[in-house]
Amino acid sequence: MPQNYIAMKKYFPSSELIINEDGSVFHLHLKPEMLADKVILVGDPGRVALVASHFENKECEVESREFKTITGTYKGKRITVVSTGIGCDNVDIVVNELDALANIDFGTREEKENFRQLELVRIGTCGGLQPNTPVGTFVCSQKSMGFDGLLNFYAGRNAVCDLPFERAFLNHMGWSGNMCAPAPYVIDADKELIDRIAREDMVRGVTIAAGGFFGPQGRELRIPLADPKQNEKIESFEYKGFKITNFEMESSALAGLSRLMGHKAMTVCMVIANRLIKEANTGYKNTIDTLISTVLDRI
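The rules behind each value
- Within any chain, residue numbers begin from 1 and follow the written order of that chain's sequence.
- pLDDT decides what is reported in this predicted model: residues at 70 or higher carry local features, side-chain atom pairs at 80 or more are listed and counted, and totals for whole chains, interfaces and linings draw on all residues regardless.
- Each side-chain value is derived from all of the structure's non-hydrogen atoms; neither hydrogens nor water enter the calculation.
- Only residues whose relative accessible area exceeds 30% and that form no salt bridge are eligible for patches; like-charged ones are grouped when within 9 Å, while nonpolar side chains (Val, Leu, Ile, Met, Phe, Trp, Tyr) are grouped when within 5 Å.
- Where accessible areas are quoted, they stem from the Shrake-Rupley method and a 1.4 Å probe; at the residue level, only the protein chains shown are allowed to cover.
- Salt bridges are identified by distance alone: a Lys or Arg side-chain nitrogen within 4 Å of an Asp or Glu carboxyl oxygen.
- For helices the rule is a DSSP run of H or I covering at least 4 residues; for strands it is a run of E covering at least 2, with both sets numbered from the N terminus onward.
- All axes are obtained by fitting lines to C-alpha atoms, using only the stretch in contact for helices, and the reported angles, taken between N-to-C directions, cover 0 to 180 degrees.
- Throughout this description, any angle smaller than 35 degrees is read as roughly parallel, any larger than 145 degrees as roughly antiparallel, any in the 65 to 115 degree range as roughly perpendicular, and the remainder as oblique.
- Throughout, a crossing is termed right-handed when the near helix is turned clockwise from the far one, and left-handed when it is turned anticlockwise from it by less than a right angle.
- We call two residues in contact whenever any of their non-hydrogen atoms come within 4.5 Å of each other.
- When residues are sorted by character, Ala, Val, Leu, Ile, Met, Phe, Trp, Tyr, Cys and Pro go into the nonpolar class, Asp, Glu, Lys and Arg into the charged class, and all the rest, Gly among them, into the polar class.
- UniProt positions are given in the numbering used here, feature names are shortened, and annotations may be inferred rather than shown by experiment.
- The classification of residues rests on relative accessible area computed with a 1.4 Å probe and restricted to protein chains. Under 20% of the type maximum is buried, over 50% is exposed, and intermediate values are partly exposed.
- We call two N or O atoms a polar contact when they sit within 3.5 Å, provided that within protein one can donate a hydrogen and the other can accept it, with sequence-adjacent residues counted only if both atoms are side-chain atoms.
- Between rings of Phe, Tyr and Trp, where Trp is taken as its six-membered ring, a pair exists when centres lie within 6.5 Å; planes separated by under 30 degrees are stacked, by over 60 edge-to-face, and by other angles tilted.
- Working rule: Lys NZ or Arg CZ, within 6 Å of ring centre, within 35 degrees of ring normal, means a charge sits over the ring.

1. Quick notes on a nonpolar patch on the surface
1) Next: On the surface, a cluster of nonpolar side chains totalling about 330 Å² of accessible area is made up of Phe213, Phe214 and Leu221.
2) Next: Here Phe213 lies in the loop between β10 (203–209) and α6 (230–236).

Dropping the structure here:
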C-alpha cells in the first residue's frame, strides 16, 4: 500500500485530471485497458519500436506528441513501453497519468478501491563519471539525485528521501545556504526490482538527474558556467561508500514519484560518454538493444 493511500475515496475534477472525449488520459492518449502492469519507459520515441520489435504480438499503438506507446506480449508477459521525451518534467506527466490509468476510475473520477501496483523500468543513456563507467557500461541507478527540484512540490518528500545523503552532498558542493544553487533530493530505487534487473552484471551507483544537458551537467559552450569546478566536485564526492556514477535527466522523478504513489521503479542506462576521460560513442543504437533484451527477460 502506498504511503499516502487513504481509505476514503478522493474525487478528481476535470481541471485536475483531464480526460479526452474518447475516454483517454490527456497527454498519453491511453485508455485504462491499454496499460499493462509491467511498463518500460524510454526517452526517445523511436526507441519504442525497437523495444516492441521483441514482442510476439502488439495489442495497441498510440502516439501523441513525444509520447508513443505500444502494449504487447513478450515471452508470455504483457508489457507496455512508453516514451517520455527528455527531462523530469515529462516524467512527471507520464508517471502521474500512468498511475491515474491504473488507480482512478475514469467513469466516477474517484480512486479505485483496490490499489494496482505498476513496475516501471526506465531504459536510457547516460554520461559516466567514474573510471568504472567507461562507454558501453550498463549502470543501474541504485540511488538517484534530482537536480530538477520536482519532488519538492509533493507532500511526503522528506519521508521517502535520504536526507543525510542530501546534506552531505550540499556541504561537499558548497551549496548550503546558496539561494542560487539547486535543492537536490536523493531517492532510492526499488530494491527488489534492482536485484531482479541488475543482478551481478550491471554497475550499481548513484545517478544525478540534471535539469538540462549542457550547463547543469557541466558542459560549457558559449555561456560560462557558474561553477567551473562543479563536475570535479561531483566526481570526488563520496558518502558511506557511494560515489556519483553518472549523469542523466529522468531517474530521480521516476523513482521519487513512484515511491510516493506505491509503485516499483528503477532506471538502467548505457553509458554513451565518459566525462572523466572525455570519450563518447554516438553509434550506440545497436548496442543498446542488448540492454533492452536483458531488461525484457528480467522484468
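2. Quick notes on the packing of helix α2 (residues 88–103) against helix α7 (residues 251–261)
1) Next: In contact at an axis separation of 9 Å, α2 and α7 are set at 30 degrees when each is read in the N-to-C sense. By the angle between their axes, α2 is roughly parallel relative to α7. At the point where α2 passes α7, the crossing takes the right-handed sense. For the pair α2 and α7, contact is made by Cys88, Val91, Asp92, Val95, Asn96 and Asp99 and by Ser252, Ala253, Leu254, Leu257, Ser258 and Met261, respectively.
2) Next: In terms of residue class, the contact of α2 with α7 is built from seven nonpolar, three polar and two charged.

3. What about the UniProt feature "domain: Nucleoside phosphorylase" (unreviewed entry) in the protein?
1) Next: Mapped onto this numbering, the UniProt entry annotates "domain: Nucleoside phosphorylase" (unreviewed entry) at residues 39–275.
2) Next: Annotated as 27% helix and 34% strand, the span residues 39–275 places its first and last C-alpha atoms 30 Å apart.

4. Regarding the environment of Lys264
1) Next: The topology assignment puts Lys264 in strand β13 (residues 264–274).
2) Next: The exposure class assigned to Lys264 is buried, which follows from its relative accessible area of 13%.
3) Next: Spatially, the C-alpha atoms of Lys264 and Ala189 are 7.7 Å apart, while their sequence positions differ by 75 residues.
4) Next: Beyond its immediate stretch of four places on either side in the chain, Lys264 contacts Gln117, Leu118, Glu119, Leu120, Asp190, Glu192, Leu193 and Arg196.

5. Details of the side chain of Asn20
1) Next: For Asn20, the location among the structural elements is in the segment before β1 (38–42).
2) Next: A relative accessible area of 16% means that Asn20 is categorised as buried.
3) Next: Within the structure, the side chain of Asn20 is placed 3.4 Å from the backbone oxygen of Phe26, a separation counted as a polar contact.
4) Next: Ignoring sequence-local partners within four residues, the contact set of Asn20 consists of Val25, Phe26 and His29.

6. A look at the packing of aromatic side chains
1) Next: In this structure the tally under the stated criterion is eight aromatic pairs.
2) Next: Geometrically, the ring pair formed by Phe147 and Phe169 is tilted, given 6.0 Å between the ring centres and 45 degrees between the ring planes. With a gap of 22 residues between them, Phe147 in the loop between β8 (138–146) and α3 (157–160) and Phe169 in helix α4 (residues 163–173) connect regions that are remote in the sequence. In terms of burial, Phe147 and Phe169 fall into one category: buried.
3) Next: Summarising the aromatic geometry, the rings of Phe169 and Trp175 are spaced 5.8 Å apart at their centres and angled 85 degrees between planes, so their arrangement reads as edge-to-face.
4) Next: Residue classification places Phe169 among the buried residues on the basis of a relative accessible area of 0%.
5) Next: The structure contains a cluster of three or more aromatic residues connected by ring pairs, namely Phe147, Phe165, Phe169, Trp175, Phe237, Tyr239 and Phe242.
6) Next: It is Lys143 that lies over the ring of Phe242; its NZ or CZ is 5.3 Å from the centre.
7) Next: The residue whose ring lies beneath Arg219 is Phe213, and the NZ or CZ to ring-centre distance is 3.9 Å.

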